[in-house]
Amino acid sequence: MTTFDYLMGGFAVATRPDNLLFCFIGCLWGTIVGVLPGLGPLAGLTLLLPLTYKLEPASAVIMLSGIFYGAMYGGSTTSILLRIPGEAASIMTCIDGHAMARQGRAGPALVVAGVGSFIGGTMSVVGLTLFAPPLAQLMLKVGPAAEFALMALALLVMGFVSSGPVLKTIAMVVLGLLIATIGLDPLTGFPRFTFGRIEISEGLSFVAMALGLFGVSEILLNMEDVLSVKPIRPTLASLIPRAADMRASAPAIARGTLIGFVFGFVPGISHVVSTFASYAVERKLSRHPEEFGHGAIAGVAGPETANNATTGSAMIPLLVLGIPAIPATAILLSALMIHGVNPGPQLVSEHPQVFWGLIASMYIGNLMLLALNLPLVGLFVNLLRIPYAWLAPSVLLICIVGIYSVNANAAEIGIMAAFGLIGYMLRKLQFDCAPLLLAVVIGDRMEVALRRALIISDGNWAALAQDAFSRIFLGAIVVLVALQCIAWRLGVRRKDLVELKSTSEENPT
Amino acid sequence: MSHSIRTALLVVLLATTCAPAAAQEKFPSRPLEVIVPTPPGGGTDIAIRLLAELAEPALGQKIVIVNKTGGGGLIGMAQVVQAKPDGHTLGGLWNAPLTMTPHMQPAPYKPTDYVAISLADSAPTVFCVKKEFPANDGKEFIEHLKKNPGKFTYGNDGVGGTIHLSAERIFSKLGVKTRPVPFGGAGETLKNYLGGHVDIYGGSITPILPYIKDGSNKCLMVTSSEKLVSMPQAASLSELGVPDTGTALWHGIVGPKGIPAERVAILEKAFREAARSDKFRQYMEPRGIKVEAASGADFRKLIDSEYAAMGDLMKSIGLTK
Amino acid sequence: MTLTLPRGEAAVAAVLIALAVYVLWEAEHMPASTPGQPGAGFFPAILAVILLICAGGILISSWSSGKDAAAPTVIIGHSKVWITLASLVALTFALEPLGFVLAASAFLFVLLRFCGGVNWLAAGIGAITLTLAAWYFFTAALGVALPHGVLPL
């Protein structure tokens, strides 16, 4: 039997009426959970997990994975409309997506995000279908040293992408990394900067920080002239992307798919890292880099495609090796285990209907999500018509409930408020908050990877560059830095020439 | 959604039950709450959920699992200890918050603050190596490690974690020096071991089982005093001469101190029956996990002896607070 | 409060420097690191040093551009901003004792009336309606547990 035959068998399972229903429920729930700030795919999965105990394993996993990739679709909605990231993978979308919304182009942004998500998600499943076993073996080779190099690369890329002077960006990144160290040291259990409170021992709540730095600060900035924040009144025609938009987005989507799929290999935070890699690439390759930050559609298309493209490759370690690469897939793992299905090398041979049924359902799910999200664009965009006096408090209320729903800890609302104030002041003084937040996301893993690599090599720093993957990533860092230096020198030369020219014009001999 | 209906039901019932429960009231008189101090989906969470589901018929009430994460299990356990001791709020846990973590960090409770109700299951940890490793049974394994102090790395579940401590308990007795590399859990340890980044896998049986079955790896040591039927190549601790140094990863039910004795007895009976049921057995045994279904008294003995042993161990390796 | 941008940047840089010094001081008290066993203080210490350098650089550059009379100004702070923040902090403390319905209604009312300029009646009705809607949506439909506080709801 060829892969095609297996896949057709999978479709037979996935298209059973009850499985179609479960797929739909999962996708719908995933979209809702992705849209609501605070609740993310992890929360959505855990809320629905107990309901799956009574289902067949294939059905359970079809529904749960629908939540997983569905949330990647929903997350872009609040990012674009309100500049509040629905979840970590949508942080980059906030930047250009919201700028587009401000220009009355929320419709095209949402449509492009949806289409890009569909293409990224579907192609990712194709990759999963065709290449799962060899890719799984490849993923194993990425050890702690390579992981650290990759994350350093990601931060470097983040630094180049950010607007503003280099020093300010580095300061924000380092601050974010420091914030990530708050809590119990993951390797030794020693409490760092916790002031003796157990509640902080897992670190500051990421959701509280994200909603504070992006959501609350945005609202505070607008509060200054709340009565003059004009609600945006989109017309029907403006909902549809222009031909120029589609032309600008297509290459971004293609690149985003590739980037997302490749980054799916990074354990733990693939969906976030892929978005800023995509953003950076789009900005570097764009003919109009100055548009980025002010509503460049490629800045929405690329990242949104990339985060969906990680969903397929993120499933590979789970399905082929039985190892959950990201927390959301850990829930899928436990759902399978409860049903007596052990993911791992024997999954494909012992439970083919689960494996192929799941893959087939991912194709179907992506289609369902596209059909769900596109018509809703009109509805969502109309939310922006609400006068800001009412919109802002309502949004704050949703954020508050979102935060409380995660840990039932009212103090986190205070943390959100504190970060809102910090974000407000930083933005006023032109410090970019995105690098800060993204550094917090990867800080933990980056530190742990470095220390593990050093433990394994027994303190030998040179060993960090010994395996193939580490060399590739470190090499990329060197190349990027070199390119940036050359560009800077050329930029400086050009500036000198321009000055020379203008002074000679002023003082004609 | 039945989850929210359950929650709503619980809310309404709790709100209306303001008067102190009459002594003759039937127990349990409303749904029970079992607090699991881990995120959903982990080994402990799955085991406790299964156990709870199987105990519901005997108790005649629904059991709601509440996940309360944080502090390595301390936060959730603290909530158990502070709950009203009427038997309706319990805790479903594994070793660390009771016998290990309190030695490393100030815990908001003492061993006397809770009552042990029943031990459900326990699983020893195993130590496995790739098939090319120059040793074929436990004794050769220890010999080889002794000859190369500090050379080999083994993956564990974090400093002060169950695997780390159970390994050190044995290694220090045998005079073996290895380098522990902390990972976040069995999944990560497995991944790094398979990728060749650490030499020895130290962790629970279930994740590594498929890789033993296909012959690419071999398990040479198990941290229990008897051998495991499923892994004949793995030496037991008795065979290695150190029978009392075993630590298993176990799961059990506890409750706040002060629950009336008759209620504890009812709970103990229900959870022991649940653990002895076929469904529980069928889940645990293929994974190499032993069903215990121990009484509260036996469970208490285990907790106390392990607590003392861990205290000594941690002092000797310098982990105490 | 109005100040020039470079002054503001310098203020932030100063705060960051203070933070970096604090981190270094704390890292001294963390378990020692050996080359083969980087301890808890290892990474924070490295980060603190980098932060010191960067913040120092920002301080220096904003000092020199601060001399320039044409530096742009920023206005920080506005009554509505403080009202919003104060309401959030008040909600943090009031949420569990008073319960969601009371606390959130009060919160929404304050924001609608004092920041949004909505009249008393509309603000009051709006606050209560929105709170109840959120309550039912989140607890009944999504199964999220919100605190009851004093009301039997």
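Cut-offs used in this document
Within every chain, residues take consecutive numbers counted from 1 along the sequence as written. Key to labels: chains lettered from A, ligands numbered from 1, both in the order written. Reporting of local features is limited, given that this is a predicted model, to residues whose pLDDT is at least 70; pairs of side-chain atoms are given and counted only at 80 or more, and all residues count toward the totals for whole chains, interfaces and linings. Water and hydrogen atoms were dropped before computing side-chain values, which therefore reflect all heavy atoms in the structure. Comment: elements are numbered from the N terminus, with helices defined as DSSP H or I runs of at least four residues and strands as E runs of at least two. Whether a residue is buried, partly exposed or exposed follows from its accessible area with a 1.4 Å probe, protein chains only, as a fraction of its type maximum: under 20%, in between, or over 50%, in that order. Contact between two residues is taken to exist if any of their heavy atoms lie within 4.5 Å; hydrogens are not considered. Per-residue and other accessible areas follow the Shrake-Rupley method at a 1.4 Å probe size, with only the shown protein chains counted as cover for residues. At least two bridges found by DSSP between two strands are what make those strands a pair. Here, axes are lines fitted to C-alpha atoms. For helices the fit covers the stretch in contact, and angles between N-to-C directions go from 0 to 180 degrees. The definition used for a disulfide is geometric: two cysteine sulfur atoms within 2.5 Å. Defined in terms of a 1.4 Å probe, buried area is the accessible area two parts forfeit on being brought together, summed over both. Here, a salt bridge means any Lys or Arg side-chain nitrogen found within 4 Å of an Asp or Glu carboxyl oxygen. N or O atoms closer than or at 3.5 Å make up a polar contact, with two conditions inside protein: a donor-capable atom paired with an acceptor-capable one, and, for residues adjacent in sequence, both atoms drawn from side chains. Three categories are distinguished: nonpolar for Ala, Val, Leu, Ile, Met, Phe, Trp, Tyr, Cys and Pro, charged for Asp, Glu, Lys and Arg, and polar for the others, with Gly belonging to the last. Candidate patch residues must exceed 30% relative accessible area and have no salt bridge, after which like charges are joined if within 9 Å and Val, Leu, Ile, Met, Phe, Trp or Tyr side chains if within 5 Å. Segmentation of the chain into domains, including their bounds, is taken from an automatic or database domain assignment. Small angles under 35 degrees read as roughly parallel and large ones over 145 as roughly antiparallel, with 65 to 115 read as roughly perpendicular and the rest as oblique. Handedness of a helix crossing follows the sense of rotation of the near helix relative to the far helix, less than a right angle counterclockwise being left-handed and clockwise being right-handed.

Turning our eyes to something else, we now look at the overall build of chain A. The number of helices and strands found in chain A is 20 helices and 2 strands. Counting all 509 residues of chain A, 62% fall into the buried class. Partitioning the intrachain contacts of chain A with sequence separation of at least 6 by distance along the chain shows that 79% fall at a separation of at least 24. Entry remark: accessible area of chain A is about 18,400 Å², with carbon and sulfur atoms responsible for 69%.

Let's shift gears to the sheet that holds strand β5 (residues 126-130) of chain B. All names here are of chain B. Within the open sheet, the 5 strands sit side by side as β7-β6-β8-β5-β9. Their pairing is mixed. With partners counted over all chains shown, the strands left at the sheet margins are β7 (179-182) and β9 (217-222), one partner each. Sheet twist, expressed as the mean angle between neighbouring strand axes with direction ignored, is 30°. Here 4 bridges tie strand β6 (residues 153-156) to β7, and the two strands are oriented parallel to one another.

Let's shift gears to the state of the cysteines. Using the criterion set out here, one finds 1 disulfide over all chains in the structure. One disulfide bridge connects C128 of chain B with C219 of chain B, the sulfur atoms lying 2.2 Å from each other. With C128 of chain B in strand β5 and C219 of chain B in strand β9, this pair connects stretches of sequence that are 91 residues apart. Using a relative accessible area of 0% as the deciding quantity, one classes C128 of chain B as buried. Between C94 of chain A, a free cysteine, and C399 of chain A, which holds the nearest cysteine sulfur, the sulfur-to-sulfur gap is 11 Å. The class of C94 of chain A is buried, set by a relative accessible area of 0%. You can call C399 of chain A buried: its relative accessible area is 1%.

Residue and element names in this part refer to chain B. Taken in spatial order, the 6 strands make up an open sheet running β2-β1-β3-β10-β4-β11, and their pairing is mixed. With one partner strand each, in any of the chains shown, β2 (63-67) and β11 (290-294) form the two edges of the open sheet. The sheet shows a mean angle of 20° between the axes of neighbouring strands, taken without regard to direction. Sheet topology note: the strand β1 (residues 32-36)/β2 ladder contains 5 bridges and is parallel. Each residue of the ladder has a partner; that of E33, found in β2, is V64. Contacts from helix α4 (residues 95-104) reach β3 (89-94), β4 (114-124) and β10 (248-256), with the element oriented near 100° to β10.

The next subject is the interface of chain A and chain C. If you look at the interface, chain A gives 60 residues, while chain C gives 64 residues. Of the roughly 5,400 Å² buried where chain A meets chain C, counting both sides, 83% is carbon and sulfur surface. A per-residue breakdown of the area chain A buries against chain C is headed by F193, W390 and L429 of chain A, which together make up 12% of the total. Close ionic contact of K168 of chain A with E9 of chain C constitutes a salt bridge, the shortest N to O distance being 2.6 Å. In this assembly, chain A and chain C are joined by 6 residue pairs in polar contact (both at pLDDT 80 or more). Only α8 (166-180), α9 (206-223), α17 (388-407), α18 (411-428) and α19 (433-456) of chain A provide two or more residues apiece to the side of chain A that touches chain C. At 11 residues, the largest contribution of residues to the side of chain A that touches chain C is made by α17 of chain A. Per-class residue counts for the side of chain A that touches chain C are 44 nonpolar, 8 polar and 8 charged.

All names here are of chain C. Among the structural elements, I125 can be located in helix α5 (residues 120-141). Of the residues examined, I125 reaches a relative accessible area of 51% and is grouped as exposed. In sequence terms I125 and F109 are 16 residues apart; their C-alpha atoms lie 8.6 Å from each other.

Below, the discussion takes up the side chain of T38 of chain B. Along the chain, T38 of chain B falls in the loop between β1 and α2 (43-59). If we ignore the near neighbours within four places in the chain, the residues touching T38 of chain B are T44, D45, N67, K68, T69 and W94 of chain B.

So, on to a nonpolar patch on the surface. Where nonpolar side chains cluster on the molecular surface, the patch consists of F24, L28 and I32 of chain A together with F137 of chain C and spans about 300 Å² of accessible area. For the nonpolar patch, the element with the most residues is helix α2 (residues 17-35) of chain A, which contributes 3 residues. Looking at where I32 of chain A falls in the secondary structure, it is placed in helix α2.

With the rule as written, the count across this model stands at 25 salt bridges over all chains. Salt bridges linked by common partners bring R83, R102, E218 and R427 of chain A together as one network.

On to the domain arrangement of chain A. Many analyses report the size of an interface as the accessible area lost when the parts associate. Residues and elements named next belong to chain A. The domain boundaries assigned to chain A delineate domain 1 (3-466) and domain 2 (467-509). Centre-to-centre, using C-alpha coordinates, domain 1 lies 33 Å away from domain 2. Domain 1 puts 16 residues into the contact, and the matching count from domain 2 is 12 residues. Carbon and sulfur atoms make up 76% of the area that domain 1 and domain 2 hide from each other, which totals about 1,200 Å². The largest contributions to the domain 1 side of the interface with domain 2 come from L153, F160 and Q466, which together make up 35% of the buried area. The interface formed by domain 1 and domain 2 holds 0 salt bridges in total. Our count for the contact surface shared by domain 1 and domain 2 stands at 4 residue pairs in polar contact (both at pLDDT 80 or more). With 9 residues, the single largest contributor to the side of domain 1 that touches domain 2 is helix α7 (residues 144-161). Residue composition of the side of domain 1 that touches domain 2, grouped by class: 13 nonpolar, 1 polar and 2 charged.

A few words now on the environment of A235 of chain B. Residues and elements named next belong to chain B. Looking at the element boundaries, A235 is found in the loop between β9 and β10. By relative accessible area, which is 3% here, A235 ends up buried. For the pair formed by A235 and T223, sequence separation is 12 residues and the distance between their alpha carbons is 8.7 Å. In this structure A235 touches G138, L220, M221, V222, K227 and L240, once residues within four positions along its chain are discounted.

Turning our eyes to something else, we now look at α4 of chain B. Residues and elements named next belong to chain B. Summarising burial for α4: 10 of the 10 residues are buried, a large majority. Listed as buried for α4 are N95, A96, P97, L98, T99, M100, T101, P102, H103 and M104. Contacts from the buried residues of α4 go to α3 (74-82), β3, β4, α6 (162-174), β10 and α11 (296-317).

Bringing the packing of helix α4 (residues 57-82) of chain A against helix α13 (residues 298-321) of chain A into the picture now. Residue and element names in this part refer to chain A. In contact at an axis separation of 10 Å, α4 and α13 are set at 165° when each is read in the N-to-C sense. Here α4 lies roughly antiparallel to α13, going by the angle between them. With respect to the hand of their crossing, α4 and α13 are arranged in right-handed fashion. Between α4 and α13, the contacting residues are S65, F68, Y69, M72, Y73, S76 and I80 on the first element and V300, E304, N307, N308, T311, A314 and M315 on the second. Its residues placed into classes, the contact of α4 with α13 shows 8 nonpolar, 5 polar and 1 charged.

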